[in-house]
Amino acid sequence: MRVLLAAVAAGAVGGPGAAGLAQPTSVVNGPHNLSAGGPGPIRAAAEPEVCIFCHTPHNASPILPLWNRSTPVEAYTIYSSRTLEAQPGQPTGMSKMCLSCHDGTIALGSVLSRGTPIPLAAGITTLPPGASNVGTDLSDDHPISFRYDGALASRDPKIKHPSMLPPAVRLDSNSELQCTSCHNAHNDSLGKFLVMRNTNSELCLACHQVGTTTVASHGDCAACHQPHTAPSGPYLLRGGTIRETCLRCHDGSHPGSPDVSADLSKVFTHDTNSRVDPPEPIVDHVACTDCHEPHTMTPGTGQPPNIHGDFGRVSGMSASGSAVQAATDEFQVCFKCHADGSTRRPWVPRVVIQNNTRLQFSPSAVSFHPVEAPGRSASVPSLKPGWTVGSMVYCSSCHGSDTGRSFGGSGPDGVHGSAFAPVLVARYETADRISESAQAYALCYRCHERGSILADESFTSHKEHVEVAKASCAACHDAHGIASAQGTSTKNSHLINFDTRVVAPDPVTGRLEYVNQGMLRGACYLRCHGQNHSPKSYP
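Given the structure is predicted, the values throughout are model-derived calculations rather than measurements. Per chain, residue numbering runs from 1 following the sequence as it is written. At least 70 in pLDDT is required for a residue's local features to be given in this predicted model, at least 80 for side-chain atom pairs to be given and counted, and no such filter applies to totals for whole chains, interfaces and linings, which use all residues. To obtain the side-chain values, all non-hydrogen atoms of the structure were used and water was disregarded.

Caption draft 1: Spotlight on helix H2 (residues 93-102). What H2 keeps buried is the set Ser95, Lys96, Met97, Leu99, Ser100 and Cys101. Residues of H2 that are buried sit in contact with helix H4 (179-182). Partly exposed describes any residue whose relative accessible area lies between the buried limit of under 20% and the exposed limit of over 50%, with all areas from a 1.4 Å probe on protein chains only and scaled to the type maximum. Where helices and strands are cited, they refer to DSSP runs of H or I of at least four residues and of E of at least two residues respectively, numbered from the N terminus. Residue contacts are counted whenever heavy atoms from the two residues lie within 4.5 Å of one another.

What follows is the structure, given as structure tokens:
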């Protein structure tokens, strides 16, 4: 510190030592020169001395280096998050020295070596509101005065071990990270008094290891984060929420960035309006980062069930129900909300009620759409060319934007929002007595040939039910599947799980069920559209 102060003094007086300084600039020609001759917008009315605003050679406070200011006594609201808890007594050390000006509570001209404060020009006393005045609420600023040690790095894998820090980033004698770890008050050659360049997030990545991304804008920390007075609080985001931060770019205003704001404005959406502090339960709201890990995203698509690159290394839930740190399959991401612990009721009320899609799509389920594994049936005559009984689909093959590029539109893909409930890529009528058409069941007809269905190639009475009686596909079929613990291969093959709004128990037998009797053969016990099936056999 003595060497540093001597160098500053040499620069201030323009002595012969100034030419030999390693720094390309000094406090003299930077904003921290508050003397009357200083170059910044804030300066003294007449005071010629430069260093006096922080240092004095005599009668200094007992704080190194020869500190000429009082220590702030204001109570601070300290940064706290799920990964870093605030500690009593923070801030400490050099950060407290910086805050003697930058919290806006002590006059800039109030120094210990003068009996009265040094007057500043234009009647300024404290730092005016703005980026350099962080106030006493530090909960929305990068944390300071915390112990940065190996124990912290072990608890948080996204923090580098302190032994990996570059020489420019220094901790204090107590191994605490302070304002001075990122800022050098005497050298503004890099802007914002930074201790090293941050053009490509070098300074941020000196401490943080967040993975790599090939999405250029996601590689710039400053595109999403701001270290001081962040609208989001401890997440240091440029928007008040994750959604607001993402939509700064993904609102159609940035060429090359998908415009998801249009989908999020549709009638049926994934609700991403949750605030990030405090976090709301994931069963009620989702944030963009529940599905996308922005620091590790890559372009490109995959093949079912493999995850798309634009998910990044996002967490998930495995097919067995265990947490996975980095999902490998798309359904694992969906299962975080739509499997164990889900409180949402099924979209269609059914005989077998289940809202855990992990159980519905399980390879052990009675029947299921092929999300986790290829389907059970060895014969599906209605499949369109390109689809086979061994094909698999994504959750997003059915759920997603109705204007996405993969489905013939011009908008971005993804499950952000749709005009069709529940966030479906195409229309799928679940109400009763809807006239059959290519449009009414456009979702089903994406994979299943309409002509084959109406020609009764899969079931001898499809045409009678769908076209003549105007029964919805959903009246008989549960699109996800029927869990093994709730159904049987006799009663629930072929995704049979009746809509109880349409189908009621047979008043003669009291039964409400379908009985599989072999290939294209079966019988129903139920009452539907005023007709008793006691039973009705097919064919």
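Okay, back to it.
Caption draft 2: Geometry of the pattern of salt bridges. Take a side-chain nitrogen of Lys or Arg and a carboxyl oxygen of Asp or Glu: if they are within 4 Å of each other, that pair is a salt bridge. According to the stated counting rule, one finds 15 salt bridges in the structure shown. One salt bridge connects Asp402 with Lys266, and the closest N-O pair in it is separated by 2.9 Å. With Asp402 in the loop between strand E6 (367-368) and strand E7 (417-418) and Lys266 in the loop between helix H8 (261-264) and strand E3 (268-269), the pair connects residues that are 136 residues apart, well separated along the chain. One salt bridge connects Lys463 with Glu467, and the closest N-O pair in it is separated by 2.3 Å. Of the two residues, Lys463 and Glu467 are both situated in helix H13 (residues 462-468); the distance of four residues between them amounts to about one turn of the helix. By relative accessible area, which is 32% here, Glu467 ends up partly exposed. Several salt bridges converge on common partners, so that one network encompasses Glu47, Glu49 and Arg114.

Caption draft 3: The nonpolar core, seen in detail. To form a nonpolar core, buried Ala, Val, Leu, Ile, Met, Phe, Trp, Tyr and Cys residues must be joined to one another through side-chain atoms within 4.5 Å. Grouped together as the largest cluster of nonpolar side chains are 14 residues, with contacts concentrated most on Phe146, Tyr148, Val169 and Cys207. Residue contributions to this core peak at three residues, all from helix H5 (residues 202-207). Aside from chain neighbours lying at most four places away, what touches Cys207 is Tyr148, Lys158, Ile159, Lys160, Leu165, Val169 and Leu177. Counting residues in each nonpolar core, the second largest holds 13 residues, with Leu424, Tyr428, Ala440 and Ile453 among its members.

Caption draft 4: Spatial organisation of the confidence of the model for the protein chain. A score from 0 to 100, pLDDT tells how confident the predictor is in each residue. Averaged over every residue, the pLDDT of the protein chain is 91; residues scoring 70 or more account for 93%. Note on residues 1-24: pLDDT under 50 across the span, and 24 contacts to partners over four residues away in sequence or across chains. Low confidence marks residues 275-283, where pLDDT is under 50. Its contacts with residues over four positions away, or in another chain, come to 19 contacts.

Caption draft 5: Structural context of the side chain of Asn187. Note on placement: Asn187 falls in the loop between H4 and H5. Residue Asn187 is classed as buried on the basis of its relative accessible area, which comes to 10%. A distance of 2.8 Å separates a polar atom in the side chain of Asn187 from a polar atom in the side chain of Ser189. N or O atoms closer than or at 3.5 Å make up a polar contact, with two conditions inside protein: a donor-capable atom paired with an acceptor-capable one, and, for residues adjacent in sequence, both atoms drawn from side chains.

Caption draft 6: Quick look at the packing of aromatic side chains. Pairing of aromatic side chains here covers Phe, Tyr and the six-membered ring of Trp, requires ring centres within 6.5 Å, and sorts the geometry by plane angle: under 30 degrees stacked, over 60 edge-to-face, intermediate tilted. Applying the stated rule across the entire model yields three aromatic pairs. Where Phe146 meets Tyr148, the ring centres are 6.3 Å apart and the plane angle is 25 degrees; that geometry is what we call stacked. There is no split in this pair, since Phe146 and Tyr148 are both buried. Considering the side-chain rings of Phe331 and Phe335, the 5.2 Å spacing of their centres and the 45 degrees angle between planes classify their relative orientation as tilted. Pair noted here: Phe331 and Phe335 are both in helix H10 (residues 330-338), with a separation of four residues, about one helical turn. Note on accessibility: Phe331 and Phe335 belong to one class, buried. The ring of Tyr525 carries the charged tip of Arg511 above its face, separated from the ring centre by 3.6 Å. For a Lys NZ or an Arg CZ to count as sitting over a ring, it must be within 6 Å of the ring centre and within 35 degrees of the ring normal.

Caption draft 7: Spotlight on H10. Burial analysis of H10 places seven of its nine residues in the buried class, the great majority of the element. Of all the residues in H10, the buried ones are Glu330, Phe331, Gln332, Val333, Phe335, Lys336 and Cys337. Among the structural elements, helix H9 (288-291), strand E4 (316-317), strand E5 (323-324) and helix H11 (357-360) are those in contact with the buried residues of H10.

Caption draft 8: Representation of the pairing of strand E11 (residues 522-528) within the structure. Within E11, six of the seven residues are buried, which leaves the element mostly enclosed by the surrounding structure. Pairing between two strands requires that DSSP report at least two bridges joining them. Here strand E9 (residues 503-504) runs beside E11; their pairing, made up of two bridges, is antiparallel. Residue pairing in the sheet places Ala504 in a bridge with Arg527 of E11. Examined bridge by bridge, strand E10 (residues 513-516) and E11 share four bridges and lie antiparallel to one another. Residue pairing for E11: Asn516 is matched across the bridge by Gly522. Once E10 ends, the chain turns through five residues before running back antiparallel as E11, passing Gly518 with a positive phi of about 115 degrees. Where E11 lies against strand E12 (residues 531-538), six bridges are found, and the strand directions are antiparallel. Across the sheet, Gly522 pairs through a bridge with Tyr538, a residue of E12. In sequence, E11 turns back onto E12 through a hairpin of two residues, with His529 there showing a positive phi of about 55 degrees.

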